[in-house]
Amino acid sequence: MADVTKFLAGIANFQQQYFGENAELANNLLAGQKPQALLIGCCDSRVDPALLTDSAPGDLFILRNIANLVPPYTKSDDYHGVSSSLEYAVCILEVSDIIVLGHSSCGGINALLESAGGQEAGEFIGKWVKIAQSALDKVLAELPEETPEKQARACEKEAILVSLKNLMTFPWVRDRVARGQLSLHGWYYNMGTGQLRYYNQLSGEYEILVERYSPKTGSQKNPPA
Ligand SMILES: [Zn+2]
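All values reported here derive from a predicted model rather than from experimental measurement.

Rules used in this analysis
- Residues numbered from 1 in each chain as written.
- Predicted model: local features only at pLDDT ≥ 70, side-chain atom pairs only at ≥ 80, totals over all residues.
- Pairing = 2+ DSSP bridges.
- Helix = DSSP H or I, 4+ residues; strand = E, 2+ residues; numbered from the N terminus.
- Axes fitted to C-alpha atoms, helices over the stretch in contact; angles between N-to-C directions.
- Core = buried A, V, L, I, M, F, W, Y, C linked by C-beta atoms within 7 Å.
- Buried ≥ 20, exposed ≤ 12 C-beta atoms within 10 Å, placed from the backbone.
- Contact = placed C-beta atoms within 7 Å.
- Parallel < 35°, antiparallel > 145°, perpendicular 65-115°, else oblique.
- Left-handed = near helix turned anticlockwise from the far one by under 90°.
- Nonpolar A, V, L, I, M, F, W, Y, C, P; charged D, E, K, R; others polar.

J.: With reference to specific residues and values, describe the sheet that holds strand β3 (residues 97-103).
T.: Reading across the sheet, the six strands line up as β2-β1-β3-β4-β5-β6 and stay open at both edges, with mixed pairing between neighbours. In this open sheet, the two edge strands, each paired with only one partner strand, are β2 (60-65) and β6 (205-210). Looking at each pair of strands side by side, their axes are set apart by 30 degrees on average, direction ignored.

J.: Break down the nonpolar core for me, with residues and values.
T.: Within the largest apolar cluster, 46 residues are counted, with the highest numbers of intra-cluster contacts made by L38, I40, A67, A132 and A159. Going through the elements one at a time, β1 (37-42), β2, α4 (81-92), β3, α5 (107-116), α7 (133-142), α8 (148-167) and β4 (183-189) are the ones with two or more residues in this core. Broken down by element, this core gets its largest block of residues, seven residues, from α8. Those residues within four positions of A132 in sequence are excluded, and the remaining contacts are A67, L69, L112, A159 and V162.

J.: Now, about the environment of F61: what can you tell me, with residues and values included?
T.: Positionally, F61 belongs in strand β2. The sequence separation of F61 and L39 amounts to 22 residues, and the corresponding C-alpha distance is 6.1 Å. Not counting the four nearest positions on each side in its chain, F61 is found in contact with P35, A37, L38, A89, L93 and V95.

J.: Explain the pairing of β4 to me, and be specific about the residues and the numbers.
T.: Pairing geometry for β3 and β4, over seven bridges, is parallel. The residue bridging G102 from the neighbouring strand is Y188, located in β4. The pairing of β4 with strand β5 (residues 196-200) spans three bridges and is classified as antiparallel. Bridge pairing links W187 to Y198 in β5.

J.: Describe the packing of α5 against α8, and please don't skip the residues or the numbers.
T.: Remark: α5 packs on α8, axes separated minimally by 10 Å, with the N-to-C direction vectors making an angle of 115 degrees. Accordingly, the angle class assigned to the pair α5 and α8 is roughly perpendicular. α5 and α8 meet at a crossing whose hand is right-handed. Contacts between α5 and α8 involve I109, N110, L112 and L113 from the former and P148, Q151, A152, C155, E156 and A159 from the latter. Class assignment for the residues of the contact of α5 with α8 results in seven nonpolar, two polar and one charged.

What follows is the structure in structure tokens.
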């Protein structure tokens, strides 16, 4: 068995924090969960939604998959991991917000880009990331001469918009959004700077969500993406 002892100190800290110092929260959560938001993130080990947002247990209902993708609504005999998580969050927990969190240097999006060169990734990954095929098509049409890195960054951002669009194909999402009971958000995390941007539907641009804080320079305005 691989050595997992490095996680044990962390578990002890967690237990001390949430069952010792903050036992009230743990007790309250025993009665049930009422998270404000469903966060759909990537499996990437470097982009942990709870760490990134400094969330406590009970704050976020989190769904993670390769490249933070949402497939379109479809009723088929297949197993629907994303759709069932979405249904639970929206229809049972009645979250008020859904956040799709994408990120830079996404391996899933990279696999999608490589598929354009005829390289199909893995047994399942290649088909999965094709959910964002329209994002890739758009990037290749609009930025045909750009470097693979810039195409990848653009595709990561476009893929978030594909997931937001696909969310609206679920009738119970669409209805709640129309009634103002549910808001959809597209966020993009830059792994190099720690900066988060959000998609502004009015401007059609990703804009800074939280300014980066640096202990040396203080609050930094508009750092390069
Ligand atoms: Zn990723």
